[in-house]
Amino acid sequence: MASLPEESSLIGEDDRDAAVRRLQEAYAEGLIGHEVLDERLHQALSAKTQSKLASVLVSLPEEQPGSTATIAAAGGRIKRRGAWRVPRVLKVGSAYGRVRLDLSRAVIEHPVVDIELQLGTGGARITVPRDAVVDVEGLSTGWKDLRYKVPRRPRPGGPTIRISGVMGYGRLKIRHALR
(Lines give C-alpha, C1' and ligand atoms only; values in the text may rest on other atoms or scores of the structure.)
Protein backbone atom coordinates (compact mmCIF):
# COMPACT_ATOMS: atom_id res chain seq x y z
CA MET A 1 0.00 0.00 0.00
CA ALA A 2 1.43 3.39 -1.03
CA SER A 3 1.94 5.91 1.71
CA LEU A 4 0.37 9.32 1.45
CA PRO A 5 2.70 12.33 1.38
CA GLU A 6 3.03 14.19 4.63
CA GLU A 7 0.80 17.22 4.93
CA SER A 8 3.79 19.53 5.49
CA SER A 9 5.39 18.50 2.19
CA LEU A 10 2.37 19.43 0.06
CA ILE A 11 2.78 22.54 -2.07
CA GLY A 12 0.47 25.45 -2.68
CA GLU A 13 -0.15 27.62 -5.71
CA ASP A 14 2.37 30.22 -4.46
CA ASP A 15 5.13 27.59 -4.41
CA ARG A 16 4.20 26.40 -7.88
CA ASP A 17 4.06 29.99 -9.23
CA ALA A 18 7.50 30.75 -7.77
CA ALA A 19 8.95 27.65 -9.42
CA VAL A 20 7.43 28.56 -12.78
CA ARG A 21 8.82 32.09 -12.48
CA ARG A 22 12.32 30.76 -11.68
CA LEU A 23 12.18 28.43 -14.68
CA GLN A 24 11.10 31.26 -16.98
CA GLU A 25 13.91 33.49 -15.66
CA ALA A 26 16.46 30.70 -16.19
CA TYR A 27 15.26 30.34 -19.78
CA ALA A 28 15.38 34.12 -20.36
CA GLU A 29 18.93 34.23 -19.01
CA GLY A 30 20.01 31.36 -21.27
CA LEU A 31 20.62 28.85 -18.46
CA ILE A 32 18.25 26.24 -19.90
CA GLY A 33 17.00 25.49 -23.40
CA HIS A 34 13.46 25.51 -24.78
CA GLU A 35 12.99 21.73 -24.55
CA VAL A 36 14.21 21.67 -20.95
CA LEU A 37 11.90 24.56 -20.10
CA ASP A 38 8.86 22.75 -21.53
CA GLU A 39 9.69 19.53 -19.71
CA ARG A 40 10.33 21.23 -16.36
CA LEU A 41 7.26 23.46 -16.60
CA HIS A 42 5.14 20.34 -17.07
CA GLN A 43 6.81 18.73 -14.05
CA ALA A 44 6.39 21.86 -11.91
CA LEU A 45 2.73 22.26 -12.79
CA SER A 46 1.98 18.62 -11.99
CA ALA A 47 4.11 18.42 -8.80
CA LYS A 48 2.20 17.76 -5.57
CA THR A 49 5.02 17.72 -3.01
CA GLN A 50 7.97 19.93 -2.08
CA SER A 51 10.44 17.19 -3.01
CA LYS A 52 9.02 16.85 -6.55
CA LEU A 53 9.08 20.63 -6.99
CA ALA A 54 12.63 20.86 -5.65
CA SER A 55 13.80 18.22 -8.14
CA VAL A 56 12.59 20.47 -10.98
CA LEU A 57 14.76 23.35 -9.75
CA VAL A 58 17.79 21.35 -8.57
CA SER A 59 20.23 22.35 -11.34
CA LEU A 60 19.34 26.05 -11.33
CA PRO A 61 21.53 28.53 -9.45
CA GLU A 62 20.17 29.87 -6.18
CA GLU A 63 17.98 32.93 -6.48
CA GLN A 64 19.94 36.02 -5.49
CA PRO A 65 18.56 37.85 -2.47
CA GLY A 66 17.80 41.48 -3.07
CA SER A 67 16.99 40.94 -6.73
CA THR A 68 13.58 42.57 -6.20
CA ALA A 69 13.01 46.15 -5.13
CA THR A 70 9.85 48.17 -4.57
CA ILE A 71 9.43 51.91 -5.00
CA ALA A 72 6.08 53.20 -3.78
CA ALA A 73 4.45 56.55 -3.11
CA ALA A 74 0.87 57.53 -2.37
CA GLY A 75 1.36 60.85 -4.14
CA GLY A 76 4.10 63.02 -5.50
CA ARG A 77 6.94 62.02 -7.78
CA ILE A 78 8.98 58.88 -8.11
CA LYS A 79 12.25 59.63 -9.84
CA ARG A 80 15.37 57.56 -10.50
CA ARG A 81 18.19 58.72 -12.77
CA GLY A 82 21.95 58.69 -13.06
CA ALA A 83 24.11 55.71 -12.10
CA TRP A 84 21.63 53.80 -9.94
CA ARG A 85 21.62 49.99 -9.66
CA VAL A 86 18.62 48.36 -11.33
CA PRO A 87 17.38 45.19 -9.60
CA ARG A 88 16.23 42.11 -11.51
CA VAL A 89 12.59 42.96 -10.65
CA LEU A 90 11.53 46.54 -9.97
CA LYS A 91 8.02 47.12 -8.63
CA VAL A 92 6.75 50.68 -8.89
CA GLY A 93 3.50 51.73 -7.22
CA SER A 94 1.87 55.14 -7.06
CA ALA A 95 -1.73 56.15 -6.37
CA TYR A 96 -1.24 59.51 -8.07
CA GLY A 97 1.78 61.43 -9.21
CA ARG A 98 4.45 61.15 -11.89
CA VAL A 99 6.98 58.38 -12.33
CA ARG A 100 10.29 59.01 -14.09
CA LEU A 101 12.74 56.13 -14.52
CA ASP A 102 15.90 56.80 -16.49
CA LEU A 103 17.85 53.60 -17.18
CA SER A 104 20.17 55.17 -19.75
CA ARG A 105 23.14 55.49 -17.33
CA ALA A 106 21.94 52.99 -14.75
CA VAL A 107 23.92 49.90 -13.75
CA ILE A 108 22.04 46.96 -15.24
CA GLU A 109 23.60 43.64 -14.20
CA HIS A 110 20.84 41.32 -15.44
CA PRO A 111 20.12 40.37 -19.05
CA VAL A 112 16.38 40.65 -18.32
CA VAL A 113 14.81 43.31 -16.10
CA ASP A 114 11.12 43.21 -15.15
CA ILE A 115 9.44 46.50 -14.29
CA GLU A 116 6.00 46.02 -12.75
CA LEU A 117 3.89 49.19 -12.71
CA GLN A 118 0.87 49.67 -10.46
CA LEU A 119 -0.17 53.25 -11.17
CA GLY A 120 -3.48 55.00 -10.48
CA THR A 121 -3.41 58.47 -11.99
CA GLY A 122 -0.44 60.36 -13.30
CA GLY A 123 1.88 59.54 -16.13
CA ALA A 124 5.10 57.59 -16.35
CA ARG A 125 8.15 58.05 -18.53
CA ILE A 126 10.83 55.39 -18.86
CA THR A 127 14.08 56.00 -20.72
CA VAL A 128 15.89 52.79 -21.64
CA PRO A 129 19.45 52.28 -22.95
CA ARG A 130 19.97 52.59 -26.71
CA ASP A 131 20.58 48.88 -27.14
CA ALA A 132 17.72 47.67 -24.93
CA VAL A 133 14.89 45.48 -26.19
CA VAL A 134 11.53 46.53 -24.74
CA ASP A 135 8.61 44.15 -24.16
CA VAL A 136 5.28 45.70 -23.10
CA GLU A 137 3.00 42.70 -23.66
CA GLY A 138 2.14 42.42 -19.95
CA LEU A 139 0.99 46.04 -19.57
CA SER A 140 -2.65 47.03 -19.25
CA THR A 141 -3.52 50.68 -19.79
CA GLY A 142 -6.85 52.12 -18.77
CA TRP A 143 -7.53 55.66 -19.90
CA LYS A 144 -4.67 56.57 -22.23
CA ASP A 145 -2.58 54.55 -24.62
CA LEU A 146 1.07 53.62 -24.54
CA ARG A 147 3.60 55.69 -26.49
CA TYR A 148 6.58 53.67 -27.64
CA LYS A 149 8.35 53.76 -30.96
CA VAL A 150 10.61 50.81 -31.75
CA PRO A 151 14.00 52.03 -33.03
CA ARG A 152 14.62 51.63 -36.75
CA ARG A 153 18.10 50.26 -36.21
CA PRO A 154 18.07 48.13 -33.09
CA ARG A 155 21.47 47.44 -31.56
CA PRO A 156 22.16 43.88 -30.41
CA GLY A 157 23.55 42.93 -27.04
CA GLY A 158 21.49 45.09 -24.72
CA PRO A 159 19.26 44.06 -21.85
CA THR A 160 15.63 43.08 -22.28
CA ILE A 161 13.29 45.38 -20.34
CA ARG A 162 9.89 43.77 -19.73
CA ILE A 163 7.25 46.23 -18.57
CA SER A 164 4.05 44.85 -17.09
CA GLY A 165 1.30 45.86 -14.69
CA VAL A 166 -1.66 48.23 -14.68
CA MET A 167 -1.94 51.93 -15.43
CA GLY A 168 -5.17 53.73 -14.63
CA TYR A 169 -5.52 57.26 -15.98
CA GLY A 170 -2.00 58.19 -17.01
CA ARG A 171 0.06 57.66 -20.11
CA LEU A 172 3.27 55.65 -20.31
CA LYS A 173 5.98 57.03 -22.59
CA ILE A 174 8.99 54.84 -23.35
CA ARG A 175 11.96 56.11 -25.27
CA HIS A 176 15.47 54.96 -26.05
CA ALA A 177 18.39 57.10 -24.88
CA LEU A 178 20.07 59.12 -27.57
CA ARG A 179 23.59 58.29 -26.41
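Placed above this text is the structure.
Everything numeric in this text was worked out from a predicted model, so none of it was measured.

Student: Any chance you could explain the overall build of the chain here in plain terms?
Tutor: Scanning the chain from N- to C-terminus turns up 3 helices and 12 strands. Each principal axis of the C-alpha distribution contributes one length, and for the chain these read about 65 × 35 × 25 Å. Scored against the burial criterion, the 179 residues of the chain give a buried share of 36%. Counted over contacts in the chain with a minimum sequence separation of 6, partners at least 24 positions apart contribute 68%. Split by element, the accessible area of the chain, about 11200 Å² in all, is 50% carbon and sulfur. Considering the chain, the positive charge centre built from 29 side chains and the negative charge centre built from 21 side chains are found 17 Å apart.

Student: What exactly am I supposed to notice about the sheet that holds strand β5 (residues 99–102) here?
Tutor: Pairing is parallel across the open sheet formed by 5 strands, whose spatial order is β2-β5-β8-β12-β10. Edge positions in the sheet fall to β2 (78–80) and β10 (146–148), since each of these pairs with one other strand and no more. Taking the axes of each pair of neighbouring strands and ignoring which way they run, one obtains an average angle of 10° across the sheet. As defined by bridge partners, β2 adjoins β5 across 3 bridges and the pair is classed as parallel. Bridge pairing in β5 links Ile78 to Val99.

Student: What is the right way to look at the pattern of salt bridges in this model?
Tutor: Side chains carrying opposite charge are able to pair once their charged atoms draw close together. What the rule picks out here adds up to 3 salt bridges. Its salt-bridge partner being Glu109, residue Arg85 comes within 2.1 Å of it at the nearest N-O pair. A residue pair is termed long-range when its members are at least 10 positions apart, and Arg85 in strand β3 (residues 85–86) and Glu109 in the loop between β6 (107–108) and β7 (112–121) qualify at 24 residues. The exposure class of Arg85 is exposed, given its relative accessible area of 52%. One salt bridge in this structure joins Asp114 and Arg162, with 2.6 Å as the shortest N-O distance.

Student: I keep staring at the sheet that holds β7 and nothing clicks. Help me out?
Tutor: What links the strands of a sheet is backbone hydrogen bonding, and the strands pair in either a parallel or an antiparallel sense. An order of β1-β4-β7-β11-β9 is seen for the 5 strands of this open sheet, with the pairing classed as parallel. In the strand order of this sheet, the two ends are held by β1 (68–73) and β9 (133–141), each with one partner. Within the sheet, the average angular offset between the axes of one strand and its neighbour, ignoring direction, is 10°. In this sheet, strand β11 (residues 160–167) lies alongside β9 in parallel orientation, the contact comprising 7 bridges. Residue pairing in the sheet places Val134 in a bridge with Ile161 of β11.

Student: What exactly am I supposed to notice about the environment of Asp131 here?
Tutor: With respect to the secondary-structure elements, Asp131 resides in the loop between β8 (124–128) and β9. The spacing of Asp131 and Ala177 is 46 residues in sequence and 8.8 Å in space, taken between C-alpha atoms.

Student: How should the nonpolar core be read in this particular structure?
Tutor: Proteins that are soluble and globular tend to have nonpolar side chains buried together. In terms of nonpolar packing, the biggest core is built from 26 residues, with Ile115, Leu117, Ile163 and Leu172 touching the most fellow members. Residue assignment for this core shows that the elements contributing at least two residues are β4 (89–96), β5, β7, β8, β9, β11 and β12 (172–176). Counting residues per element, this core draws most heavily on β7, at 4 residues.

Student: Any chance you could explain helix α3 (residues 50–57) here in plain terms?
Tutor: Count 3.6 residues to each turn of an α-helix, and residues three or four apart come out pointing the same way. Here α3 has its buried residues at Leu53, Val56 and Leu57. Viewed along the axis of α3, the buried residues span an arc of 90°, placing them on a single side of the element. Residues of α3 that are exposed and point over 90 degrees away from its buried face: Ser51 and Lys52. Those residues of α3 that are buried lie in contact with α1 (13–28) and α2 (34–46).

Cut-offs used in this document
Residues numbered from 1 in each chain as written. Predicted model: local features only at pLDDT ≥ 70, side-chain atom pairs only at ≥ 80, totals over all residues. Heavy atoms only, no water. Helix = DSSP H or I, 4+ residues; strand = E, 2+ residues; numbered from the N terminus. Buried < 20%, exposed > 50% of the residue type's maximum accessible area, 1.4 Å probe, protein only. Contact = heavy atoms within 4.5 Å. Areas by Shrake-Rupley, 256 points an atom, 1.4 Å probe, with all protein chains shown as cover. Lys, Arg positive; Asp, Glu negative; His and termini not counted. Charge placed at Lys NZ, Arg CZ, Asp CG, Glu CD. Pairing = 2+ DSSP bridges. Axes fitted to C-alpha atoms, helices over the stretch in contact; angles between N-to-C directions. Salt bridge = Lys/Arg side-chain N within 4 Å of Asp/Glu carboxyl O. Core = buried A, V, L, I, M, F, W, Y, C linked by side-chain atoms within 4.5 Å. Arc of directions from axis to C-beta.

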